[in-house]
Amino acid sequence: MNNIFVYIETENGKVADVSLELLTKGRELANTLGCKLEAIVIGHNLKGLEKELALYGADTVWVADDKELAPYRTMPHCAIVCGVFEQEKPQIALFGASSLGRDLGPRVSSALHSGLTADCTSLVVGDHEDTKGNKYKNLLYQIRPAFGGNIIATIINPDCRPQMATVREGVMKKEHASKPGTGEVKVIDHKKYLKDTDLAVKIVSRQIEERKLNIKGAQVIVSGGYGVGSKDNFKLLYELAEVLGGEVGASRAAVDAGFAEHARQVGQTGVTVRPKLYIACGISGQIQHTAGMDQSAMIISINTDPEAPVSKLADYVITGDLNEVIPKMIKYYRQNSK
Amino acid sequence: MGKALKIVVLAKQVPDTRNVGKDAMKADGTVNRAALPAIFNPEDLNALEQALVIKDTLPGSTVHILTMGPPRAADIIRDAMFRGADGGILLTDRKFAGADTLATSYALSRALLKIKPDIIVAGRQAIDGDTAQVGPQVAEKLGWPQVTYAECIETIDEKQIVIKRRLEHGIESVSCPLPMLFTVNSSAPECRMANAKRVMKYKYAKTPGELQELQSDYISDLCAGRSYLCIEEWGVSDIECREEELGLQGSPTKVKKIENVVLQAKESKRLTGADADIDSLMAELIASHTLG
């Protein structure tokens, strides 16, 4: 009772990275709070997954395994998660901020009347005293940028349980627990939670693509913002990325303007990256963007505005026109690298 | 030809956070809301388009906007009417203020119980919060199935809708019985533009609150004789609800702290675009094995 639950996403029998990242964070929170870490996995052919989940710190693995439960559909998964949560009364429940987690999380929070904070960039345990003097110990601080990234809000759920949060893939680190969990399997008697109407939505067809683009894994990222000016100007960024053996990223403003596809978006509503080198071209540096790249080992900014906020994060600030600077970088690298 | 449907579009008026210029931040670093234009939330426009597509497919269907917000949010209802909606309802009351997504969903769902639509369409998320929670939460409150991330409607009749969804790594088509709620992605078709004839017809569409404010006998008389110019305005007393579940007190999540974004300055080296600067930087990157 009153433990931490992580909802585990699977696709074709493989656990999603975001779920393992949440287990890693959940383990840390469980150690702080002195409670257990529990995983809940719903789908088909799930045998053996508990071993992997235990490596990331899961003490208990709740399993509902049925052909009807894969691929994911909202209503049956919601009914089962709510059933288990009502019985187990977790204090914290974490979901990936994936297309699945952001479909399921709100529905569960509404059914249980518990608060949910989307797209958290940090989760910390802390205390709270409200204006009436009521004191709360060990709440989950759910920290996220808001208002287009111009402010950072710390959200708490003082009275309702579980305290629910979604976190995007790549925001938390994925690490084996220093001491593996026991991974004890508890089979969920899921039929008792399901109504016929929960199965009314049918999947007619489904095409899941292998991930082609993975800027998360790139050692060098050349990223462009609205300041790049056009889709055509982005070609220069692709050229530099290719020469340096990296990938092209983009800010939300650049993606919204149609300069680059969404899969390249770095930031709170895109991917979080930690490359060896991040070259920010024509990016002003709103928190919405910097939340996804500030862990880069080295940051270079190329901007005509020397006072752009990104300058404060950058190791090197080049004040100049990217259309002049980038060709010089390409030329020097071509001549001087082995 | 199927039966006509009653469609409600959930929409929100939002500050345009996408184009935050320098004047949008005050000297003390807080957001200057007055400097941000209030706009129709972009994905709610995608949702409106899908609703209008259903109306085109099933003639006789009606499309109404439901929005919760301050009195000036009536602007987006008028905008929607110019583009093809039949009318709208503004949920406005001080008691709704300070609501998180759950309290918002509760208020909307109570209004929807009164409207009794067959289909609810909403934008995936609003740009001021980016939570994408209100759609699924409204569906749950009504006990209806939900389909999120819709990109287009494949088929629809009075019993069932088939929707193509855009997922992170692919697409999925699902069939869902009515009544149901779906949320629409920005990758769906853009909303049709305002139609000049409709603008002429609906430009004086007003809420009772706006008419009072205007104090124009001419416009009041105009609206009195034409029910299509009446934008409904509902407060807490117009919907059956438990007041303790509304607004700030009905919100499980509380804001503990708001920090303005101040980026931690680290010591950065300043360079120009001159050849010498770029060459020495690249040489340094190669020497430190950051590159290569």
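Refer to the structure presented above.
A brief report on the enclosed structure follows.

About the criteria used
- Residues numbered from 1 in each chain as written.
- Chains lettered and ligands numbered in written order.
- Predicted model: local features only at pLDDT ≥ 70, side-chain atom pairs only at ≥ 80, totals over all residues.
- Heavy atoms only, no water.
- Helix = DSSP H or I, 4+ residues; strand = E, 2+ residues; numbered from the N terminus.
- Buried < 20%, exposed > 50% of the residue type's maximum accessible area, 1.4 Å probe, protein only.
- Contact = heavy atoms within 4.5 Å.
- Areas by Shrake-Rupley, 256 points an atom, 1.4 Å probe, with all protein chains shown as cover.
- Lys, Arg positive; Asp, Glu negative; His and termini not counted.
- Charge placed at Lys NZ, Arg CZ, Asp CG, Glu CD.
- Axes fitted to C-alpha atoms, helices over the stretch in contact; angles between N-to-C directions.
- Parallel < 35°, antiparallel > 145°, perpendicular 65-115°, else oblique.
- Left-handed = near helix turned anticlockwise from the far one by under 90°.
- Nonpolar A, V, L, I, M, F, W, Y, C, P; charged D, E, K, R; others polar.
- Pairing = 2+ DSSP bridges.

Quick look at the overall build of chain B
(1) Moving on: Helices and strands together make up the secondary structure of chain B, namely eight helices and 13 strands.
(2) Moving on: For chain B, buried positions account for 51% of its 292 residues.
(3) Moving on: In chain B, the proportion of contacts linking residues at least 24 apart, taken out of those at least 6 apart, comes to 71%.
(4) Moving on: Put simply, chain B shows about 13,400 Å² of open surface, and 51% of that area lies on carbon and sulfur atoms.
(5) Moving on: Taking the average location of the 36 positive side-chain charges in chain B and that of its 40 negative ones, the two points are 3 Å from each other.

Re the packing of helix α3 (residues 101-115) of chain B against helix α4 (residues 134-142) of chain B
Residues and elements named next belong to chain B.
(1) Moving on: Between α3 and α4, the least distance of the axes is 8 Å, while the angle of their chain directions is 50°. Between α3 and α4, the angle is such that the two are oblique. For α3 against α4, the interelement crossing comes out right-handed. Judged by residue contacts, T101, L102, T104, S105, Y106, L108, S109, L112 and L113 of α3 engage V134, Q137, V138, K141 and L142 from α4.
(2) Moving on: Its residues placed into classes, the contact of α3 with α4 shows eight nonpolar, five polar and one charged.

Digging into the sheet that holds strand β14 (residues 220-224) of chain A
(1) Moving on: A sheet is described by the order of its strands in space; here six strands give the open sequence β15(A)-β14(A)-β16(A)-β17(A)-β18(A)-β13(B), paired in parallel fashion. Of all the strands in the sheet, just β15 (247-250) of chain A together with β13 (269-272) of chain B have a single pairing partner and so form its edges. Shown here is a sheet whose adjacent strand axes are inclined to one another by a mean of 20°, direction ignored.
(2) Moving on: Sheet topology places strand β18 (residues 316-319) of chain A next to β13(B); four bridges connect them, and they run parallel. Counterpart to A:I318 in the pairing with β13(B) is B:L271.
(3) Moving on: Strands in contact with helix α8 (residues 275-287) of chain B are β16 (277-281), β17 (298-303) and β18 of chain A together with β13 of chain B; relative to β13(B), the strand with the most contacts, it is inclined by about 130°.

Limitation: the analysis is restricted to geometry and does not speak to function.
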